[in-house]
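# Residue-level structure breakdown
Each chain, letter by letter, is given below.
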Amino acid sequence: MEQVGVLYRLVVTITCFVCLGFNGGMCSESDALIKTYVSSSLPSNNDLVHSAKLKVVNRISESEWDSLVIKSELPVVVMFTADWCGPCRFIAPKYVAFSEEFTGRFKFYTVDADVEQAIAERCDIRAMPTFLVFKGGEKVAVVVGANPYALLSVLEKYV
């Protein structure tokens, strides 16, 4: 029973069965598909569904960029990612944890660089994941790569 619980957490952490994306927020316990899948796998497993309580880090589009990033009162962290990016999937849970730790002090968003190519070009994104920090509408910091320590250092600097 315990081994199945670990596998369930791994599946939920890596991919979302609802959107098939790898965006830090994945799924919640209210996602019917997740609950149905897990329920059908085990005779009794409602105790496992609590592990899917992950906060969603919203993906934004070009039409939302100015209003959510440039005009934000709070500093903003944007993670540029892609579905095929392994390091992006590696750091996604940590990015979600940072979004929870710094709630009210930063806004956290993701941008799919393959879908939102205009934003990626405008921000000169050359590798993924890339994290940009904006304060007062200006880009103040860049972290390239899946380095949670570098990202935490930048967050603490601009808090």
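Residues numbered from 1 in each chain as written. Predicted model: local features only at pLDDT ≥ 70, side-chain atom pairs only at ≥ 80, totals over all residues. Heavy atoms only, no water.

Once that is clear, we can look at the overall build of the chain. Regarding its fold elements, the chain presents six helices and four strands. Listing every helix and strand of the chain by position from the N terminus yields α-α-α-β-α-β-α-β-β-α. Per-residue burial over the chain gives 45% buried out of 159 residues. Look at the contacts in the chain between residues 6 or more apart in sequence, and 66% of them connect residues 24 or more apart. (Helix = DSSP H or I, 4+ residues; strand = E, 2+ residues; numbered from the N terminus. Buried < 20%, exposed > 50% of the residue type's maximum accessible area, 1.4 Å probe, protein only. Contact = heavy atoms within 4.5 Å.)

In this section: the side chain of Thr 130. With respect to the helices, strands and loops of the structure, Thr 130 is situated in strand β3 (residues 130–135). A distance of 2.5 Å separates a polar atom in the side chain of Thr 130 from the backbone oxygen of Ala 127. If we skip the residues at most four places from it in the chain, Thr 130 touches Val 78, Met 79, Phe 80, Ile 125, Val 142, Val 143 and Val 144. (Polar contact = N/O pair within 3.5 Å; in protein donor to acceptor, adjacent residues only side chain to side chain.)

Counted residue by residue, β3 has five buried out of six residues, so it is predominantly covered. In terms of strand pairing, strand β1 (residues 76–81) meets β3 through five bridges, oriented antiparallel. Within β3, the position partnered with Met 79 by the bridge is Phe 131. Direction of pairing for β3 relative to strand β4 (residues 138–144): antiparallel, over a ladder of six bridges. Across the sheet, residue Phe 134 finds its bridge partner in β4, namely Lys 139. Hairpin connection, β3 to β4: the antiparallel pair is bridged by two residues, and Gly 136 has positive phi, about 60 degrees. (Pairing = 2+ DSSP bridges.)

Moving on to the packing of aromatic side chains. Counted under the stated rule, the structure contains six aromatic pairs. When the ring of Tyr 95 is compared with that of Phe 108, the centres are 5.4 Å apart and the planes differ by 70 degrees; the resulting orientation is edge-to-face. Of this pair, Tyr 95 sits in helix α4 (residues 86–101) while Phe 108 is found in strand β2 (residues 107–112), placing the two residues 13 residues apart along the sequence. Residue class for Tyr 95 comes out buried when judged on its relative accessible area of 1%. Since its relative accessible area comes to 9%, Phe 108 is described here as buried. Aromatic pair Phe 102 and Phe 106: ring centres 5.8 Å apart, planes at 85 degrees, arrangement edge-to-face. Taken together, the ring pairs connect Tyr 95, Phe 102, Phe 106, Phe 108 and Phe 131 into an aromatic cluster. (Phe/Tyr/Trp six-rings, centres within 6.5 Å; stacked < 30°, edge-to-face > 60°.)

Attention now moves to the pattern of salt bridges. Tallied over the full model, the rule gives three salt bridges. For Arg 59, the salt bridge goes to Asp 112, with nearest N and O atoms at 3.3 Å. One end of the pair, Arg 59, is in the loop between α2 (32–41) and α3 (62–70); the other, Asp 112, is in strand β2, with 53 residues separating them in the sequence. For the salt bridge of Asp 124 with Arg 126, the shortest nitrogen-to-oxygen distance reads 2.7 Å. Connected through salt bridges with shared partners, the residues Arg 59, Asp 83 and Asp 112 form a single ionic network. (Salt bridge = Lys/Arg side-chain N within 4 Å of Asp/Glu carboxyl O.)

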